Amino acid sequence: MAYTTETRSAGLGQRIAAFRATLADRVVKNKIYRSTYNELQALSDRDLADLGLSRSMIKRVAIEAAEAK
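The rules we used
Residues numbered from 1 in each chain as written. Predicted model: local features only at pLDDT ≥ 70, side-chain atom pairs only at ≥ 80, totals over all residues. Heavy atoms only, no water. Helix = DSSP H or I, 4+ residues; strand = E, 2+ residues; numbered from the N terminus. Buried < 20%, exposed > 50% of the residue type's maximum accessible area, 1.4 Å probe, protein only. Contact = heavy atoms within 4.5 Å. Areas by Shrake-Rupley, 256 points an atom, 1.4 Å probe, with all protein chains shown as cover. Axes fitted to C-alpha atoms, helices over the stretch in contact; angles between N-to-C directions. Left-handed = near helix turned anticlockwise from the far one by under 90°. Nonpolar A, V, L, I, M, F, W, Y, C, P; charged D, E, K, R; others polar. Patch = residues over 30% accessible without salt bridge, like charges linked within 9 Å, V, L, I, M, F, W, Y side chains within 5 Å. Salt bridge = Lys/Arg side-chain N within 4 Å of Asp/Glu carboxyl O. Phe/Tyr/Trp six-rings, centres within 6.5 Å; stacked < 30°, edge-to-face > 60°.

On to the overall build of the chain. When helices and strands are tallied, the chain shows three helices and zero strands. Its helices and strands in sequence order give the chain the pattern α-α-α, from N to C terminus. Counting the 69 residues in the chain, one finds 10% classified as buried. For the chain, restricting intrachain contacts to residue pairs at least 6 apart in sequence, the fraction spanning at least 24 positions comes to 45%. Of the roughly 6000 Å² of accessible surface on the chain, a fraction of 55% belongs to carbon and sulfur atoms.

Turning our eyes to something else, we now look at the packing of helix α1 (residues 12-42) against helix α3 (residues 58-67). Contact geometry of α1 with α3 gives a least axis separation of 8 Å together with a crossing angle of 145°. As for how α1 packs across α3, the hand of that crossing is right-handed. Each of Lys29, Ile32, Tyr33, Thr36, Tyr37, Leu40 and Gln41 in α1 lies in contact with α3, whose residues at this interface are Ile58, Lys59, Val61, Ala62, Ile63, Ala65, Ala66 and Glu67. Taken together, the residues that form the contact of α1 with α3 break down as 10 nonpolar, two polar and three charged.

A cluster of nonpolar side chains, Phe19, Leu23 and Val27, forms an exposed patch at the surface whose accessible area comes to about 310 Å². Residue placement: Leu23 occurs in helix α1.

According to the stated counting rule, one finds one aromatic pair in the structure shown. With 5.9 Å between their ring centres and 25° between their planes, Tyr33 and Tyr37 make a pair best called stacked. In this pair, Tyr33 and Tyr37 are both assigned in helix α1, four residues apart and thus about one turn of the helix distant. Look at Tyr37 and you get partly exposed, because its relative accessible area is 29%.

In this structure, Thr36 sits in helix α1. In this structure, Thr36 is in contact with Ala62 and Ala65, ignoring residues within four places of it in sequence.

On to the pattern of salt bridges. Think of it this way: side chains of opposite charge can pair up when their charged atoms draw near. Under the defined criterion, the tally for this structure stands at three salt bridges. In this structure, Glu67 and Lys29 form a salt bridge, with 3.6 Å as the shortest nitrogen-oxygen distance. Here the residue Glu67 occupies a position in helix α3, and Lys29 occupies one in helix α1, the gap between them amounting to 38 residues. Exposure remark for Glu67: the relative accessible area of 52% places this residue in the exposed category. Owing to a relative accessible area of 22%, Lys29 belongs among the partly exposed residues under this scheme. Each member of the salt-bridge network shares a partner with another, and the members are Asp25, Lys29 and Glu67.

Take a look at the structure:
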């Protein structure tokens, strides 16, 4: 007795739409990351200390801001 299994992958249109959505999401996250990083980098050490941050924490905070989107 033979069994068949049918597997269908997403059509080309669906894959392109998913790719575009992923790309758009990455662009938005990158923009948030860059703006957060640049704004924090522009602050003085004293201003960062008032926020409870140090310079070494800027990259991590920017990444977290982008991922929270």
